[in-house]
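# Remarks on the overall topology
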Amino acid sequence: MTTSTPVIQAPRNRASKSNFELYSWIFMRLSGVLLVVLVLGHLFVNLMLGNGIHDVDFAFVAGKWSSPFWQTWDLIMLWLAQLHGTNGLRTIINDYAQRNGTRFWLKSLLYLASIIVIVLGTLVIFTFDPCIDPDFTLSVCQ
Amino acid sequence: MWSWVAHRVSGVLIFFFLFAHVLDTALVRVSPEAYNDIMATYKNPVVGLLEAGLVAGVLFHAFNGLRVVLIDFWSQGPRYQRQLSYGVIVVCVVLFVPFAIRHLSLVFGH
């Protein structure tokens, strides 16, 4: 018998009773809806108001992050966007990388990059110091 | 089908931009000069055009994502998925055109 029908292997995690894929599916939709507001708001404030991109410099960031509102906005946006993007790329790697080893290494690289972005971004938001600019004569820098 | 492909492509592009964007923003912890230098590249016309492309990708991913949510959770979503696709294109164009006019006149006007 000759046939070109591809052989489909049994699901890899059959024994697993984990609902991880269900939760990640729900997370993509919930975080996606929130990110529409957070990202489009971020783009509008940074690129459309005032002189748009010409206003964005160190003083602009210092002004925004002097407000807990924008610190919180950026922190939530950072975490949701990075987790949403990581889960999206995880799905794409699972779909297109056929060899077990390739999937393993691509996902290891993905998770490493995600941890770096989340940790670095969070530290930057919480440890930002406007007073490293010697031109700043804000009262908090005295 | 094509909106599914475009959703993946735009998602991957936004992912790589986010990686670069968090790293460039982290330069505010190095020095004001380091951050202002990297922001100067964002203001150059070539990068300004790429930003417009990025925003087009973000708008498509955002509103096509909302379409996916409607198809999944709204009882009438699957029936209207085609009309929703046209809606995504209309909303993206309506938002992108004024954005592009304003952003590109800022980028090229200075």
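From a predicted model like this one, the values you see are computed outputs, not experimental measurements.

About the cut-offs
- Residues numbered from 1 in each chain as written.
- Chains lettered and ligands numbered in written order.
- Predicted model: local features only at pLDDT ≥ 70, side-chain atom pairs only at ≥ 80, totals over all residues.
- Heavy atoms only, no water.
- Helix = DSSP H or I, 4+ residues; strand = E, 2+ residues; numbered from the N terminus.
- Buried < 20%, exposed > 50% of the residue type's maximum accessible area, 1.4 Å probe, protein only.
- Contact = heavy atoms within 4.5 Å.
- Areas by Shrake-Rupley, 256 points an atom, 1.4 Å probe, with all protein chains shown as cover.
- Lys, Arg positive; Asp, Glu negative; His and termini not counted.
- Charge placed at Lys NZ, Arg CZ, Asp CG, Glu CD.
- Arc of directions from axis to C-beta.
- Buried area = accessible area lost by both parts, 1.4 Å probe.
- Salt bridge = Lys/Arg side-chain N within 4 Å of Asp/Glu carboxyl O.
- Polar contact = N/O pair within 3.5 Å; in protein donor to acceptor, adjacent residues only side chain to side chain.
- Nonpolar A, V, L, I, M, F, W, Y, C, P; charged D, E, K, R; others polar.
- Core = buried A, V, L, I, M, F, W, Y, C linked by side-chain atoms within 4.5 Å.
- Phe/Tyr/Trp six-rings, centres within 6.5 Å; stacked < 30°, edge-to-face > 60°.
- pLDDT = per-residue confidence, 0-100.

### As for the overall build of chain B
- Across its full length, chain B holds four helices and zero strands.
- Listed N to C, the secondary structure of chain B is α-α-α-α in terms of helices and strands.
- On the principal axes, the C-alpha backbone points of chain B span a range of 55 × 30 × 20 Å.
- Across the 110 residues of chain B, 36% fall into the buried class.
- Relative to all contacts within chain B whose residues are 6 or more apart in sequence, the contacts with residues 24 or more apart total 65%.
- For chain B, the accessible area works out to roughly 6200 Å², and carbon and sulfur atoms hold 75% of it.
- Seen as two clouds, the 7 positive and the 5 negative side-chain charges of chain B have centres 17 Å apart.

### A closer look at helix α2 (residues 58–65) of chain A
- Those residues of α2 of chain A that sit buried are Phe58, Val61, Ala62, Lys64 and Trp65 of chain A. Angular distribution of buried residues about the axis of α2 of chain A spans 165 degrees; they occupy a single face of the element.
- The elements touched by buried residues of α2 of chain A are α1 (20–48), α3 (68–96) and α4 (100–127) of chain A together with α1 (2–25) and α2 (32–42) of chain B.

### A short note on the interface of chain B and chain A
- Each side of the interface is counted separately: chain B has 39 residues, and chain A has 43 residues.
- For the chain B and chain A pair, buried surface summed over both sides reaches about 3500 Å², with 77% attributable to carbon and sulfur atoms.
- The largest contributions to the chain B side of the interface with chain A come from Arg8, Phe15 and Arg29 of chain B, which together make up 18% of the buried area.
- Seen at the junction of chain B and chain A, the total is two salt bridges.
- The salt bridge partner of Arg8 of chain B is Asp95 of chain A, with a shortest N-O separation of 2.6 Å.
- In this structure, the connection of chain B to chain A is made through nine residue pairs in polar contact (both at pLDDT 80 or more).
- Taken together, the elements giving at least two residues each to the side of chain B that touches chain A come down to α1, α2, α3 (45–73) and α4 (81–109) of chain B.
- If one sorts the elements of the side of chain B that touches chain A by residue count, α3 of chain B sits on top with 12 residues.
- Along the lines of polarity and charge, the residues of the side of chain B that touches chain A split into 26 nonpolar, seven polar and six charged.

### Thoughts on the nonpolar core
- Core analysis: the largest hydrophobic core is formed by 29 residues, its most contacted members being Leu47, Trp65 and Phe128 of chain A together with Val28 and Tyr35 of chain B.
- For this core, the element with the highest residue contribution is α3 of chain B, accounting for six residues.
- If we skip the residues at most four places from it in the chain, Phe128 of chain A touches Phe58, Val61, Ala62, Trp65 and Leu123 of chain A together with Val28 and Arg29 of chain B.
- The next biggest cluster of nonpolar side chains, apart from the first, holds 11 residues, and it includes Leu35, Leu38, Leu78 and Leu80 of chain A.

### Regarding the packing of aromatic side chains
- Within this structure, the stated rule accounts for 10 aromatic pairs over all chains.
- Judged by centre distance (5.0 Å) and plane angle (80 degrees), the rings of Phe69 of chain A and Trp70 of chain A are edge-to-face.
- When its relative accessible area of 18% is taken as the criterion, Trp70 of chain A is described as buried.
- Ring geometry for Phe96 of chain B versus Phe99 of chain B: centroids 6.2 Å apart, planes at 35 degrees, classification tilted. Within this pair, Phe96 of chain B and its partner Phe99 of chain B are both found in helix α4, separated by three residues, close to a single helical turn.

### Observations concerning the environment of Val58 of chain B
- Relative to the elements of secondary structure, Val58 of chain B occurs in helix α3.
- Distance in space between the C-alpha atoms of Val58 of chain B and Ser10 of chain B is 7.2 Å, their sequence separation being 48 residues.
- Those residues in contact with Val58 of chain B, other than ones at most four positions away along the chain, are Val39, Leu40 and Leu43 of chain A together with Ile14 of chain B.

### Considerations on the confidence of the model for chain A
- Of the residues in chain A, 90% reach a pLDDT of 70 or more, and the chain-wide mean stands at 89.
- When mean pLDDT is compared element by element in chain A, α3 of chain A scores highest at 96, while α2 of chain A scores lowest at 90.

### Examining the pattern of salt bridges
All names here are of chain A.
- One pass over the structure, following the stated rule, counts three salt bridges over all chains.
- The closest approach of N and O atoms between Glu21 and Arg90, which form a salt bridge, is 2.9 Å. Highlighted residues: Glu21 in helix α1 and Arg90 in helix α3, separated in sequence by 69 residues.
- Look at Glu21 and you get partly exposed, because its relative accessible area is 48%.

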